[in-house]
Structures are given as C-alpha cells and as structure tokens.
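Listed here are the chains, written in short residue letters.
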Amino acid sequence: MRRLASRKIAEAQREAGAKHYEASFWYKLWELCALPHFLPLLAPAAAITISLVESAMSSDLKVGSPLPVFRQTDSSRDILGLLWQVEGSILALVTAVVLFAFEGLTRARPGVPMWEYAGRSGLAQYLMLGGAGLAAIPVALFWHSDRPPLAAAHFAAAVSVLGIVALPFLVYRAMRLIDATWLRTQRLGEVRQTVARLVRDEAIERVVLNELDEHAKASNLKIRPMFPRDDGNVCQEAASDGIVYDIDISRLLRAARESRSRLTVAASIGDVVTKRTALLTSQGALEDVRALPIFILSKEGRGDRMGRLLSELKEEGVESLRSESGSGMTAVVDSYAELWLAWPRAWAAYGQRLTGGFMNQRNPFRFTPVDAMRSDLWSLLDIAIERGLREQANSLIGITYRVGREAIDLDAPDILEGVTGLARSALRFPHDSDSRLIKVTNDRAIRLQVELCRYIAIPRLEDARRETSDRLRAAESVSVLFKAIAECLKIVLDNRDDRLFYEFDKEFCRLLEFWTIEPDEYIARQALDDQTVRQQLSVTEEQARDALEMHSIQRDLLTLRATLRLSLLGWTLHTGVTKPLDAKMYGTLLRVARSFDDVEELFQAVGLALEKGNGRLGDWVLSSLPQGDAHFIDDEGPLLRAISLILFTSPTVTAVPPAAWLYEHRIERLKSMLDDMAGDDTLLTVANIDRQRAADMASRLKGALDVSRLTQAAIERAELIRQPLDPAKVHEFREQVAASWSEARTLPDLLALGGVVISPRPAGDWADRRFGFNPSLENKALFVTPSKMIGLDFRAREYGRGLAQAEFAAVISAIQSKSRKLRGRGSVRERVAKGVQQLSLEGFTPSVVVVPKDRWILTALGLPPRWQRRLSSHGFQRLVAGEILGLPVVEASELDNDRVCVIDLAAFLKIHELRDDSTASSSVNCKVDVIGEDLAADIIGSWNRGAGRSERQMSLEELQACVRVVVNRHFELEVQDRLASRLVWIPPSLRVEQESSTSGKGRRK
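These figures come from a predicted structure and were not determined experimentally.

## Details of the overall build of the protein
And step 1. Regarding its fold elements, the protein presents 37 helices and 20 strands.
And step 2. Here the protein holds 1005 residues, and 46% of them are scored as buried.
And step 3. For the protein, restricting intrachain contacts to residue pairs at least 6 apart in sequence, the fraction spanning at least 24 positions comes to 80%.
And step 4. For the protein, the accessible surface area stands at approximately 50900 Å², while carbon and sulfur atoms represent 52% of it.

See the structure below:
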C-alpha cells in the first residue's frame, strides 16, 4: 500500500509542479556504511568468496599481472602484515584524537550527542572501513596455501589502503564541525528534509485510507468503523507494540475473496497499536485468514521523529542564543516557520488532488505540533529577553507575522490561531522589572497581529475582485485575529497596563473603518427583488446577492468586535471585585464604555456574547476559578456589569431599546448593579457625577429597563400570534398525552381486581358526553417553530397522568358518596370484619377493601405502611397494601381518613366506554386550537359573565398568544347497587384511645 500511495503522491506533486524529497542512492549507501554489521562483515566475506572463486578458476582467468609486491610469497605476507599494523595504528590514534575533540564539543553543547558528531564527520564510516580492512587482511594472510590468493590479497590491500587514503577526508570533516555555522546549516537542512518526509508519510496514511475505502466498496471488506466493537473473531492481531507501517493489499484482497463472511480492517497505516490489538476481524469462521501476514509493524512512528526534530531545533536555538548569533537565530526561526507551514503548503500544493472518500472527512495535513512549537519558542524568547538579546527576540516574535501572513494566504485558520497564541504567550509583565526590551516585545507581539489583520486579512476581505468564497475565508481569518487581539488585551488589562491597552484598543477600533460595499444593502435588496432596478444600476442578480452576503459579514465582524470589547470591559469589572480598581483604571474603562455610543448596536453585541460559543467571558471566568472544587459559573454577571457601566456613564442614553435577551431576572440584576454604581465613590469621582445626579440617573434607567421589557414582550407576543402551529409538535403532544395516560392508568387493574367487566357503548349513544378536563390555556410558544420555550413533552405527560388519575378518583368519589354508611363497635379490624359480614349476609361477594393513605389505619389493620413495604417500580401495585380477611387492600388518597370501604365492586359499579372493536379500548381525544380574535373575545365575554371573578383577566392579545387544549375521552361510570358497598366509619375517639394506649405502654417500659 505504501508504494501505491507514494506513486499517487508523486504524480500529484508532478502535476502541481511541487518539489518532493527522496533520499538518493549514495545517501542511503553512506548511511549503510555507518552500520557496524555491514562493512566489517562484508569485507572478510568478500575476501573469502574471492579466494574460493579464484581457486576454482582456470589459470587463464586468474590475475595475470599482480602488483610486484604480491609476486613473492614472503613479500605478500610482509606487505599485508605491514598494512594491517599501519592501519590499526592509524585507526586507534585517529579515533582517540577525534573522540577526544568531540568530547570537548559535547561539553560545550550538551544538546548534541557524540554519536551525531561521529556521524556528521564521517568517523563512524571511517571506523567501519578501517575495521573492514583489519578483518579482510587476516583472511588473505592466513590462507591455507603457502602463498595468499592474489585476488584476495589485492582486495584486502585495496580496502586497507582506502582506509588510509580516507584519513584526510575525515580530518577535513572533523575540522568543519568545529564551525558552529556549518553544523547548524547541516542540522537545519536535515530538519527540512525530515519535515518533508513527515508530510509525505502523513499524506501516505491518508491516501492509503482512501484506497482501502475504494477497495472495500468492490470487495467483502469493511474499513475501520468509527466506533469499533469487540465482537467478531480476530483473524490477525499485533504481535508486539508498534505502529502499522504497511499493509499487503494483495493478501488482504485475496483473504476477502476467500472469506465467506465480511472482514473488518481495524487499523490503517500510521495507527499506534499495542500487543494483541485486533487488526483484522471476521464475523464468521477464521478459515485460512490467520496464516496470511497482512500487516507490517514498525517500532518508530512519525511522533517519535517529530519529537527528535523539535529537540534538535530547540537545541540549535539555545546554542544561537548562547553564542549571541543573530544569523543563527534567523536560520532557526526559518526552520520553525518551515515546520509550521509544511502541512498547509502541502495541502495547497497537491493535497487537494488526492481527496475523495475518507480524505474528505478532514484536512489530512494537520499534524503540525502547534503546542510543542509554541512552548519551545516561548522558552527561547524567555532566554533572549533574560539575556537582553533584542535582535534574537525580534526574530522570534517576527515568526508571528511571517507564519500568519502565509497562513492567511493558504486559508489555514488553525495555523493562524496557533501562531497568534505564540504572540499571546510572548506577553510579559514582571512587577520587579522595568526592562525596555520587555516593553518593546509586548508592543511588537500585539502590533504584529493588528498589522496581520490590517494589511493582509482585511485587504483580501475588501477586494471585490476576489471570489466570494475567498472573501469568506478571509473573513474567517479576520475573526481569528479579532479574538486573538482581544485575548492579548485581556492579559494587558489583567496586568493593569492602561497605556498599552489604550493604544491598541484604539487600533482595534480602527480596523474595518473604511470598508465600503457597493451597492449598499438597501439598493442590493431592491436589485435582488426587482429586475428593473438591476437594469438601471447595471447590477446582476449574483452581484446583488454577493453584496448582501458581504454586508452580512461586515455586520457580523463589527458585532464580534463590539462583543469582544464588551467582554473585556465586563472581565475587568469582574476582577475588580477581588482586585479593586484604581482611578486610573476606571478612567480607562470609562473611555471604553463611552465608545459604545449606539445602544442598539450594543444590545446586538450583548445578544451575540450571550450565545453559546460566541462570548469569551465564560472561558475567562472558568479559567480564573481554582481547580478541584465545584463552582457556580456566573458568566452573565460580568457582562451585565459592563452593560450597567455603559448605560450609567453614557450622556446620550435616554431610553433602553427592547431586546430578546432582556429577561426579567436580568433586568433585576441590572437594576441592582445600577444602584451599586450610584454608590461607588471612586467611579463617581472619575466620571465627575455627584450623588444626587447618580441616584436620578439610576432611577431613570431602571424605569427605562421596565419599559423595554414590556415593549419586548409586546413584540414577541405579536410575533407569536402571527406564527402558525407546527403540525409535528401538535402531533407529538397528542401522542405524548395518549402514551402518558396509558402508562399511568391504575383503574383497569382495580376493575380487574374487583371483577368489573367494562361495558361497550356505541358511538351514537354518547352524544356530547365526555370525561375529562375543561378547556385549558397553554402558551402557544410550546407549539410553534422556532421557539425559545421548552417543556412540550412535560406538559403532555401532565395531561395524560391527570386524566388517568381523574378516572381513578371518579370511581373512589362514587364509592364514597354512594355507599351505605356503617357504624359499629370495637377496633378498626373488627369494624371492617363486620362490614364484610353484612355484605355476605345480603348476598354480595366482597372483593376489595379500600382504605385511605393513612399510616395509623394501616397499622391498626396489621398492614405495613408504604415505606416498609416492598413496592414495585410503578403502576397499580404501589397502591396494594396487602390482604385482610382474604380480601386485597387498596390505598386511595381520595378517600377520607375516617372511612374504610368494603365493596363488591362488580355489583356496585358499571363502567361504560366507547370501543372500536371487542378488544381495543377507546383512545384519548386531544384537541389543540388556535385562539383567534373572535374566540378570544368570546372567552373574555364568558369571564365577564361569571360571578365573583376577582383574579386579573388576560387581555385580548395575551389570549391570542395561547392555545386552547381540550383533553377528554368516552368514559362513564354508573352505580348499579348502593347496597353492594359499606363505608365503615372510624371515629376520632378510637384513634385517640389507641394512641394514648400506645404512649402509656411506652412510658411503663
């Protein structure tokens, strides 16, 4: 799969004209020669092979003209021995000297290990070459023949001489390593190559996932589910911890063809797996899949290489600061910028040519280690400021503008957000230092973000020649920068630097100051609706639509800026509770408050700030709270305090406009805050307001808030009246009422317990008779869309439960009002027994004993109270208290506390219902009607005709903002024989007597 993905990426790079890095053959050979198991083993093996081949060759093919020193046996042995001694001595001496020098370099730069010096100087390759010569000579020297084989002797001598000749090259490379600039160039060059390989590996992983998806569509395969399950047979699992390096696609497809069940590929290239992690599963038999190794694991992944790369970069940065090298720091910053922009550059150059299938699920080039780089650069900047290195500090801060500019061009808001976070972390406010470099750094950190917005992002947004999609992406960049600037200003306010805040808040307000859009919004709307206007203005329909979209973006961005500045004001007032504000800071806040001269725009910004995810105050308040404890997060309080300050100090506010967010509880909080400000001496002094005037202003604003709320209520009510009912919500309401009624019913179980058979009645016999509630009013907002009101299902369940309880209560009420009364003597149990006896003597068969929900009566009957009984989770069984005299005892809260009823329910009662057939009971009728003007007038007229009605009546408009709900059903009960029930009276004296007896026994004990 890797080869296939590499070819696709190479093709995409060639089509886009993008450069791609591939290691050359000579580079790979150079790396191979540094391995201890290559040259030292290859050379003697080659010497042995040459000797064996030479002995088997004919004399015509042997070395015909050997070197003079190898023509005699003694001279051959002498020269080989001499070469062995010379090379061994040189190798030992040079290795000792070079390693001693490298040890000194390592002490100077602890971040560079000795093995890196050895690799870059060629010492590792030289040692392996010398070892190869020392190993090859004994093979030729100690051969069994009296004379060493000529070919083997020539080969061993050549390897040995090559090791001696390579000595100047080693010395030259080692001397160059002493130059820090050369070493830095080498290391940073390799960093760029590593970045290119990491980007390529990331692309390979995404392309492989896409290719697997394409193959899965045409074969019996399923690719890595979003939420993997543990079921299924494991066909292949990881043999050890590691990273999936490659997948054999031919074996995978063959396994899918041979399998009778569907296979699931649970891992893709680049996935980190642990030992025994399932890689391939099947829902059927394992068959022969397990015998085919499909996945290749590697011990090292991109994360490990990225960690080493970042470590090298940071070490080079620290060395540049230690040596105070401005050019060195510039090179390091260039490498950081290269790393930061590598993935978005690749995506813009050729990544989009590879999209499709799984590739479209997310941007594949997002492996940029933003947090790690930001942390490393912050550490380097800290060192530069501590050492007073202004040039290096400026280079480090300058990466914000450099990366941010290209991130805007590449439409990479995530990269832009990360690099602005670096600028935010660069702000420093040490209380014990007045360093000019710190002030310059803080100024530059914020200014670069303002300049990115003013000179890069906003011109792209305002350029009418660009496509609308490009301008939309530019608007996203402006939004990111607005939020980043606000975060920086928040830090400035936290450290009470009013000068820096005032300077950049003024710059912040000037952004987008001169953006004009043609045509204006009113004309664009006319042109969109009227072709004649388009012809007169020479504007196309598409241009009018684009202009409207730009006006909307402009309004959103201006509102976002106002929201952020309002959040800054609220946050500072919030922190002033624990860290009192001085007059100087109050003056700064008053300048911000008085800049909100348009109250309507202010209230729009407040509405945006209160929306989830748009305001910053919630995050700021949450981050300020101590961890590990539970807190009530009041993110509205600081915002309302900011609004109070603006209203209180504004000289032009005479009325408060209506707003959807201005609820009653928020108005009460605003009133309380206005009173607090009217009594704040520091604020009144700074604002030059006397006490009496402050009290008058607070009183006037509180009245304006009440008027605003009434106006907003009228606006919302008028809009609600115009809205039609949502059929889906009405249907849901009806279904919920019926379902809740069916679930909450206990009457059928009571009737079944008493042997009562429900009597069906034809629909024509019911006329208008229904059992249920009188028409009730519900807020219409429950039944419209869109709506801010919730609770539709709750109200429906209330209606359903209420109807079910009303049926049960009607039966108990009939029993209590129609039953014959029975007086007797003795205990409660004896009185109940007498009632059972009387019913039996009169020919009835008692079936149920109904008791009130009274703990004393239950105890007197020898039954446990409810809290002692084992109750079922719901339903009729909650009401069954037990048995007495062989009869079930049912609790009923509707029964009076001084009554117990013994009843033959089947003889006493008859129930009538409407039946659709012999088994289905009648359903619930539920009507939801809109209240028009005529119906509202009729309702008010009926109220006026009622006698003694003293409560406040609703107005005509308030009624129309409601719906009329009618819930009933075909249900009727009929008492057949009053003699079939006895209502046993329990006199209060019996209760008092028994309680006194119980308390007396307790005292005697």
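## Structural notes on the sheet that holds strand β5 (residues 272-273)
And step 1. Pairing is antiparallel across the open sheet formed by three strands, whose spatial order is β5-β3-β7. Since the sheet does not close on itself, it has two edges, and those belong to β5 and β7 (295-298), each with one partner.
And step 2. Sheet analysis places strand β3 (residues 242-247) next to β7, joined by four bridges and oriented antiparallel. Along β7, the bridge assignment pairs Ile243 with Ser298.

## Comments concerning the UniProt feature "transmembrane region" (unreviewed entry) in the protein
And step 1. The positions that UniProt labels "transmembrane region" (unreviewed entry) are, in the present scheme, residues 79-102, 123-144 and 150-172.
And step 2. Secondary structure within residues 150-172 divides into 96% helix and 0% strand; the distance between the first and last C-alpha atoms comes to 34 Å.

## Quick word on the packing of helix α19 (residues 521-529) against helix α21 (residues 541-575)
Think of two packed helices as two axes; the pair is described by the angle between the axes and how far apart they sit.
And step 1. Taken N-terminus to C-terminus, the directions of α19 and α21 make an angle of 145 degrees; their axes are 9 Å apart at the nearest point. As for how α19 packs across α21, the hand of that crossing is left-handed. Touching Glu521, Ala524, Arg525, Ala527 and Leu528 of α19 are Glu541, Ala544, Arg545, Ala547, Leu548, His551 and Arg555, all from α21.
And step 2. Here the residues of the contact of α19 with α21 are counted per class, giving six nonpolar, one polar and five charged.

## Remarks on a positive patch on the surface
And step 1. On the surface, Lys818, Arg820, Lys821 and Arg978 cluster together into a patch of positive charge.
And step 2. As for its placement among the helices and strands, Lys821 is situated in strand β11 (residues 820-822).

## Let's talk about a negative patch on the surface
And step 1. Negative charge collects at one region of the surface, where Asp597, Asp598, Glu600 and Glu601 lie side by side.
And step 2. With respect to the helices, strands and loops of the structure, Asp597 is situated in the loop between α22 (583-594) and α23 (599-610).

## So, the side chain of His551
And step 1. If you trace the backbone, His551 turns up in helix α21.
And step 2. A relative accessible area of 9% places His551 in the buried class.
And step 3. Ignoring anything within four residues of it in the chain, the contact list for His551 reads Ile517, Pro519, Asp520 and Glu521.

## Side note on the confidence of the model for the protein
And step 1. Mean pLDDT over the protein stands at 81; residues scoring 70 or higher make up 84%.
And step 2. Looking across the protein, the model is least confident in helix α37 (residues 988-1004), with a mean pLDDT of 62, and most confident in strand β12 (residues 848-851), with 94.
And step 3. Scored below 50 in pLDDT, residues 357-366 makes 29 contacts in the model with residues more than four places away or belonging to other chains.
And step 4. Across residues 1001-1005, confidence stays below pLDDT 50; counting only partners more than four residues off in sequence or on other chains, it has zero contacts.

## Overview of the environment of Pro459
And step 1. As for its placement among the helices and strands, Pro459 is situated in helix α16 (residues 436-462).
And step 2. Residues contacting Pro459, with those up to four places away along its chain left out, are Cys453 and Arg454.

## Examining the sheet that holds β11
And step 1. Sheet architecture is open: six strands sit in the order β11-β20-β15-β12-β14-β13, paired in mixed fashion. Since the sheet does not close on itself, it has two edges, and those belong to β11 and β13 (880-884), each with one partner. In this sheet, adjacent strand axes meet at a mean angle of 25 degrees when their direction is disregarded.
And step 2. Two elements, β12 and strand β14 (residues 887-891), share three bridges in a ladder whose sense is parallel. Each bridged residue has a counterpart across the sheet, and for Val851 the counterpart in β14 is Glu891.

How each quantity is defined
Residues numbered from 1 in each chain as written. Predicted model: local features only at pLDDT ≥ 70, side-chain atom pairs only at ≥ 80, totals over all residues. Heavy atoms only, no water. Helix = DSSP H or I, 4+ residues; strand = E, 2+ residues; numbered from the N terminus. Buried < 20%, exposed > 50% of the residue type's maximum accessible area, 1.4 Å probe, protein only. Contact = heavy atoms within 4.5 Å. Areas by Shrake-Rupley, 256 points an atom, 1.4 Å probe, with all protein chains shown as cover. Pairing = 2+ DSSP bridges. UniProt positions renumbered as here; feature names shortened; annotations may be inferred. Axes fitted to C-alpha atoms, helices over the stretch in contact; angles between N-to-C directions. Left-handed = near helix turned anticlockwise from the far one by under 90°. Nonpolar A, V, L, I, M, F, W, Y, C, P; charged D, E, K, R; others polar. Patch = residues over 30% accessible without salt bridge, like charges linked within 9 Å, V, L, I, M, F, W, Y side chains within 5 Å. Salt bridge = Lys/Arg side-chain N within 4 Å of Asp/Glu carboxyl O. Lys, Arg positive; Asp, Glu negative; His and termini not counted. Charge placed at Lys NZ, Arg CZ, Asp CG, Glu CD. pLDDT = per-residue confidence, 0-100.

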